[in-house]
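Reading the structure
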Amino acid sequence: MSNQFHPTSIIHNGCKIEDNVVIGPYSIIGPNVKIDKNTKIHSHVIIQGNTTIGVNNEIYPFSTIGLDPQHLKYDGELTKLIIGNNNIFREHVTIHPGTNIGTKKTIIGNNGFFMVGSHVAHDCIVGNNVVFVNNAVIGGHVEISDYVYLGGQSAVHQFCRIGKHAIIGAGTTIDGDVIPFTSVVGSRGYLSGLNLVGLKRRSFKKEEIKTLRNVYRLLFAPEGTFNERLSEVNDTYSDNSFVKEILVFLSENSNRPLVHPKMDKF
């Protein structure tokens, strides 16, 4: 099937567009953009920069993809934005490429759903099957793992990491690392337990959830130091593949402290 470019769209020389791509009225595609097949770009979309967009993506009106990062030290360098396959970007989504002071690239995985007004800043890594609800925003150098759900109006501070299968509540500010499989709520985010709804929806077994609950309680129990409790988890559950996700997450270098439960909740 041939491409469908509206006559009012502006498509610069040098861009590479594969088969069966739709570009709507008044959209602008920059000279260093690559768009793979079966992608639909609605009206009034701007895609600029050194941006690569995979197969079967859909970008809704007034989204801006690949424009200059919001960083005072950005000096016009041509960094990268790499977007995977099967993502949906609703109206007014903004996504920025990397910077020379970071990894020089922003990466977004596959099967993401980015709702109205959500924002991915420079030098971020966003995994697969994520959901950003309306106006969910992440700062620079943030890492969002697979199956993370960011509630509406939530905000993640720069350099934070969110582990796999975590859920961030609506209106929550994250200023630390969130371990996998957990739920964070409150205006200044704190752990409230496991993401039980998400785990059940993804067909985690009862015994698997029970093990994760035991690990959570052990990690954040009031007795001993965190390192002592972490060592006990490692000794007891290191053969469990899901617990390994937590242990690997905790072993990696971090620029932020961990998000913890409130003192009376564990």
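Refer to the structure presented above.
Quick caveat: nothing in here was measured; it's all calculated off a predicted structure.

In this section: helix H3 (residues 226–237). Residues separated by three or four positions in an α-helix point in the same direction, a consequence of the helix having 3.6 residues per turn. The end-to-end C-alpha distance of H3 is 16 Å, a good match for the 16 Å that 12 residues give at a rise of 1.5 Å each. Among the residues making up H3, those that are buried are Phe-226, Arg-229 and Val-233. Buried residues along H3 cover an arc of 65° about the axis, so they all sit on one side. Opposite the packed face of H3, turned more than 90 degrees from it, sit the exposed residues Asn-227 and Asp-235.

The residue Arg-213 is located in helix H2 (residues 206–219) in this model. Each C-alpha atom of the pair Arg-213 and Leu-196 lies 9.5 Å from the other, and the pair is 17 residues apart in sequence. Apart from the residues lying within four places of it in its own chain, the contact partners of Arg-213 are Leu-194 and Leu-196.

The strands that make up a sheet are held in pairs by hydrogen bonds between backbone atoms, and each pair lies either parallel or antiparallel. Taking strand neighbours across the sheet as the criterion, the 11 strands line up as E1-E4-E7-E10-E13-E16-E19-E22-E25-E27-E28 in an open arrangement whose pairing is mixed. The sheet is open, and its two borders are formed by strand E1 (4–5) and strand E28 (190–194), each paired with just one other strand. Examined bridge by bridge, strand E19 (residues 131–132) and strand E22 (residues 149–150) share two bridges and lie parallel to one another. Considered in E22, the bridge of Phe-132 is made with Leu-150. Sitting on the sheet, H2 touches strand E27 (182–185) and E28, and the angle it makes with E28 is about 145°.

Before going further, it helps to examine the pattern of salt bridges. All told, the structure shown has five salt bridges when counted by the stated rule. In this structure, Arg-90 and Glu-91 form a salt bridge, with 2.9 Å as the shortest nitrogen-oxygen distance. Measuring nitrogen to oxygen at the nearest pair gives 3.1 Å for the salt bridge that ties Arg-161 to Asp-177. Separated by 16 residues along the polypeptide, Arg-161 in strand E24 (residues 161–162) and Asp-177 in the loop between strand E26 (173–174) and E27 bring together distant segments of the chain. Accessibility classification places Arg-161 together with Asp-177 in one group, the buried group. Three or more residues joined by partner-sharing salt bridges are found here, namely Arg-161, Asp-177 and Glu-252.

Definitions and cut-offs
Residues numbered from 1 in each chain as written. Predicted model: local features only at pLDDT ≥ 70, side-chain atom pairs only at ≥ 80, totals over all residues. Heavy atoms only, no water. Helix = DSSP H or I, 4+ residues; strand = E, 2+ residues; numbered from the N terminus. Expected span 1.5 Å × (residues − 1). Buried < 20%, exposed > 50% of the residue type's maximum accessible area, 1.4 Å probe, protein only. Arc of directions from axis to C-beta. Contact = heavy atoms within 4.5 Å. Pairing = 2+ DSSP bridges. Axes fitted to C-alpha atoms, helices over the stretch in contact; angles between N-to-C directions. Salt bridge = Lys/Arg side-chain N within 4 Å of Asp/Glu carboxyl O.

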